[in-house]
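# Secondary and tertiary structure notes
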Amino acid sequence: MNFTAVDFETCAYYRASACAVGAVQVRDGQIVDSFYSLLKPPKYPYWNFEETHNITQAMVETAPTFPEVWPRLKSLLSAGPFVAHKVDFDWNVLTHTLKYYALPGLELERICTCRLAQRKCPELPRHDLATVAAHFGIALDHHHAASDARACAELAMRLWSE
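Report follows, based on the coordinates. Treat the numbers as computed from the prediction; the structure is a model and nothing was measured.

What counts as what
Residues numbered from 1 in each chain as written. Predicted model: local features only at pLDDT ≥ 70, side-chain atom pairs only at ≥ 80, totals over all residues. Heavy atoms only, no water. Phe/Tyr/Trp six-rings, centres within 6.5 Å; stacked < 30°, edge-to-face > 60°. Buried < 20%, exposed > 50% of the residue type's maximum accessible area, 1.4 Å probe, protein only. Helix = DSSP H or I, 4+ residues; strand = E, 2+ residues; numbered from the N terminus. Expected span 1.5 Å × (residues − 1). Pairing = 2+ DSSP bridges. Axes fitted to C-alpha atoms, helices over the stretch in contact; angles between N-to-C directions. Contact = heavy atoms within 4.5 Å. Left-handed = near helix turned anticlockwise from the far one by under 90°. Nonpolar A, V, L, I, M, F, W, Y, C, P; charged D, E, K, R; others polar.

Let's shift gears to the packing of aromatic side chains. For the structure shown, the criterion picks out five aromatic pairs. Pairing Tyr100 with Tyr101 gives two aromatic rings, centres 4.9 Å apart and planes at 80 degrees, and the pair type is edge-to-face. Given the relative accessible area of 24%, Tyr101 is considered partly exposed.

A separate point is helix α7 (residues 145-161). Taking 1.5 Å of rise per residue, the 17 residues of α7 would be expected to cover 24 Å, and the 24 Å separating its terminal C-alpha atoms lies within 8% of that figure. Every buried residue belonging to α7 is among Ala145, Ser147, Asp148, Ala149, Ala151, Cys152, Ala153, Leu155, Ala156, Met157 and Leu159, and all of these are buried.

We now examine the sheet that holds strand β2 (residues 18-27). In spatial order, the strands read β3-β2-β1-β4-β5; together these five strands make up an open sheet with mixed pairing. Because the sheet does not close on itself, it has two edges, and the strands there are β3 (30-38) and β5 (110-112). The sheet shows a mean angle of 25 degrees between the axes of neighbouring strands, taken without regard to direction. Relative to β5, strand β4 (residues 82-84) is paired through three bridges, and the arrangement is parallel. Each residue of the ladder has a partner; that of Ala84, found in β5, is Cys112. Contacts from helix α3 (residues 66-77) reach β1 (3-10), β2, β3 and β4 within the one sheet, and its direction differs from that of β3 by about 170 degrees.

Despite not being glycine, Asp28 shows a phi value in the positive range, around 50 degrees. In this structure, Asp28 sits in the loop between β2 and β3.

Interhelical geometry of helix α5 (residues 113-120) versus α7 gives an angle of 35 degrees and a closest axis separation of 10 Å. When you trace α5 past α7, the crossing you get is left-handed. Residue-level contacts link Thr113, Leu116, Ala117 and Lys120 of α5 to Cys152, Leu155, Ala156, Leu159 and Trp160 of α7. Residues that form the contact of α5 with α7 fall into these classes: seven nonpolar, one polar and one charged.

In this section: the pairing of β2. Each regular strand carries side chains that alternate between the two faces of the sheet. A large share of β2 lies buried, amounting to ten of its ten residues. Bridge count between β1 and β2: eight bridges; the pairing is antiparallel. Considered in β2, the bridge of Val6 is made with Ala23. The sheet contact formed by β2 and β3 spans eight bridges and is antiparallel. What sits directly across from Val26, in β3, is Ile31. Between β2 and β3, which pair antiparallel one after the other, the connecting turn spans two residues, and Asp28 there sits at a positive phi close to 50 degrees.

Structure representation (structure tokens):
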């Protein structure tokens, strides 16, 4: 079981407004590497999600830009597949951000742990990351990209082993 779990936090409704990224690489069913960084997003007139993830404009003023962290993130993603909880959101953030910075896109298999949880745990009242992580006893500091990516990786390994 090899994959990289990814989570982005965004500052605005624009998909290219990533302000944090977390990635956890799994090889042979073991977490072997991880990466987290705040990101200085492009300038947007609105900062919509501070209350959700507690990332402020001041916190990212000196953070690296996406192109500065892309080589490290790309190295984690290179073996694929790309795994995320609600994968369409995180994949869209990645692809829109790559396009914004005129960086080449990636072709990776994508796997959604939310959809997997819906199939494997239909008895749960909801299938958001917090609910599913709690069901499996997985620690989570929700909406912190590093914690969300780690929880997603652990969740993927549990769901695939069932």
